[in-house]
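Summary of structural features
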Amino acid sequence: MTVRVRFAPSPTGMFHVGGARSALQNWIYAKQQGGVFVLRIEDTDAARNKPEWTEGILSALDWIGISRDSYEGPYFQSSYAGEHRAAARRLYESGRAYYCDCTREAVQARTGNQYTGYDGYCRDRGLPPGEGRALRFRTPDEGATVVVDLIRGEPTFENKLIEDFVIARGDGSPVFLLANVVDDMTMGITHVIRAEEHLPNTPKQQLLWDALGVKPPIWAHVPVVVNEKRQKLSKRRDKVALEAYRDEGYLATAMRNYLMLLGWAPSGDREIVPWSVIEDEFRLAEVNPSPAFFDEKKLRAFNGEYIRALPIEEFVEVCQPWLTGTGTIAPPPWQPEEFDPAAFAAVAPLAQTRIAVLSEIVPNVDFLFVASPLIDEAAWTKAMKDGSAELLDDAIAAFEAVPSWDAETLKATLETVGAARGLKLGKAQAPVRVAVTGRTVGLPLFESVEVLGAERTLTRLRAARVRLT
Ligand code: GLU
């Protein structure tokens, strides 16, 4: 039997990191089993779907390493409406489903407002199909539905506690539960690996598989992803869009490594491992069923490590979208013609060890490319103390006279200037740094000033001095 798994997102919003995690788990599982990964876009909710969300899913998957040539599909659920309706009809004709004209209010009135599910009122009324009549599945009164789940063992659901659920609405349109099952059947899916949120649907869906006469798939419900307050990640409250992380400058390699650690870990005391190790060692059965904490701080730290591990040429390359502003990434504060690749290359090694996400490259290097520094006013106030004007005067005079414009000489020069005024280098540096870069923190000052060059540095120091007058 060839293993066939699927990832079945609904294109109703930005692509969620939890979805990316499930996609990767499906993809690795298929690869390990010599199977096939199917991509199905569940686009039946016409009111909430947008084509751009579908494109977003495809490009996000591609970015994370699930390239368009490595899977079957995408199939679109909406193209299978005929199959969904045919299945609903078969269930009706075989007596496994019946029509119901109860309103929710009527059921509530009968059950004394204690609505806990449908009360089966229409089960034996023999209503024919008709406008406004929903089709309900006749769940067995006895027995239990045992779900075989690679992560959760065998969750068992008493059939008598499963209500006669709706499979097609009053307008005849099949609901998600049925469409999803029919598509999995049509596409020959053998393993359904999906988020825990769907576990309550599973016994109902398995009953549908049974009623339609097809052996159900093996299930694996991967843990829900939560924030630091143990709340399920929500797009309203939390940063959940994979694209947002991409645009902030997370590396796909770091992101997918981190996502695979949600509920699982490789052997040994390691977390940051090559992708090949994950592909090799990941076991669905080892995934911890408890909620998995999406720790953005840890992800940042991971990303920093991944950034530092890049060969310098690659680091320069991956920074480019932030240096030019491409696609959804905002343009930097300098004009394209102001950018100097040689100057960037000169400071890139200094920046590489200091940033955790690639977008941080911009505030670290903008002083090199903008005509005059972008002064952070709070930094200015903090750095410019009594005596700063005099210190700048001395620094300007000393810098004008240096025999060679290199970091070492500049550092020794400012050290002497500071010492003459009883200031340690750190204190003497602060006004110079803010005058030249606009900030109190950044790349090592003297290397920065060396790359910026004598003329521009002195112009900035003089401008700052004027401002202090
Ligand atoms: N379309 C469903 C969702 O995005 C997935 C259903 C499934 O994986 O079975 O939640």
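Conventions adopted
Residues numbered from 1 in each chain as written. Predicted model: local features only at pLDDT ≥ 70, side-chain atom pairs only at ≥ 80, totals over all residues. Heavy atoms only, no water. Phe/Tyr/Trp six-rings, centres within 6.5 Å; stacked < 30°, edge-to-face > 60°. Buried < 20%, exposed > 50% of the residue type's maximum accessible area, 1.4 Å probe, protein only. Near = heavy atom within 4 Å. Polar contact = N/O pair within 3.5 Å; in protein donor to acceptor, adjacent residues only side chain to side chain. Areas by Shrake-Rupley, 256 points an atom, 1.4 Å probe, with all protein chains shown as cover. Nonpolar A, V, L, I, M, F, W, Y, C, P; charged D, E, K, R; others polar. Salt bridge = Lys/Arg side-chain N within 4 Å of Asp/Glu carboxyl O. Helix = DSSP H or I, 4+ residues; strand = E, 2+ residues; numbered from the N terminus. Lys, Arg positive; Asp, Glu negative; His and termini not counted. Contact = heavy atoms within 4.5 Å.

Looking now at the packing of aromatic side chains. Tallied over the entire structure, the rule returns 15 aromatic pairs. When the ring of Tyr92 is compared with that of Tyr99, the centres are 4.8 Å apart and the planes differ by 65 degrees; the resulting orientation is edge-to-face. With a relative accessible area of 27%, Tyr92 lands in the partly exposed category. Judged by centre distance (5.6 Å) and plane angle (80 degrees), the ring pair of Tyr258 and Phe302 falls under edge-to-face.

We now examine the site of the ligand. Around the ligand sit Arg6, Ala8, Pro9, Ser10, Glu42, Phe176, Asn180, Arg194 and His198, and those are all the residues in its vicinity. A distance of 2.7 Å separates a nitrogen atom of the ligand from a polar backbone atom of Ala8. One nitrogen or oxygen atom from the side chain of Ser10 is found 2.9 Å from a nitrogen atom belonging to the ligand. In isolation the ligand has 290 Å² of accessible area, and contact with the protein removes 80% of it. When its residues are assigned to classes, the shell around the ligand shows three nonpolar, three polar and three charged.

This part covers the pattern of salt bridges. Evaluation of the coordinates by the stated rule reveals 28 salt bridges. Close ionic contact of Asp164 with Arg123 constitutes a salt bridge, the shortest N to O distance being 2.7 Å. Of this pair, Asp164 sits in the loop between strand S7 (156-158) and strand S8 (166-168) while Arg123 sits in the loop between helix H4 (104-110) and strand S5 (134-137), and the two are 41 residues apart along the sequence. One exposure class covers both Asp164 and Arg123, and it is buried. Here Arg152 ties to Glu196 by a salt bridge, and the two come within 3.7 Å at their closest N and O atoms.

Tracing the chain through its elements places Arg21 in helix H1 (residues 17-32). It is Glu197 that comes nearest to the buried, bridge-free Arg21 among opposite-charge side chains, at 5.7 Å. A distance of 2.7 Å separates the side chain of Arg21 from the backbone oxygen of Pro223, its partner in a polar contact. In this structure, Arg21 is in contact with Val222, Pro223, Val225, Leu259 and Leu262, ignoring residues within four places of it in sequence.

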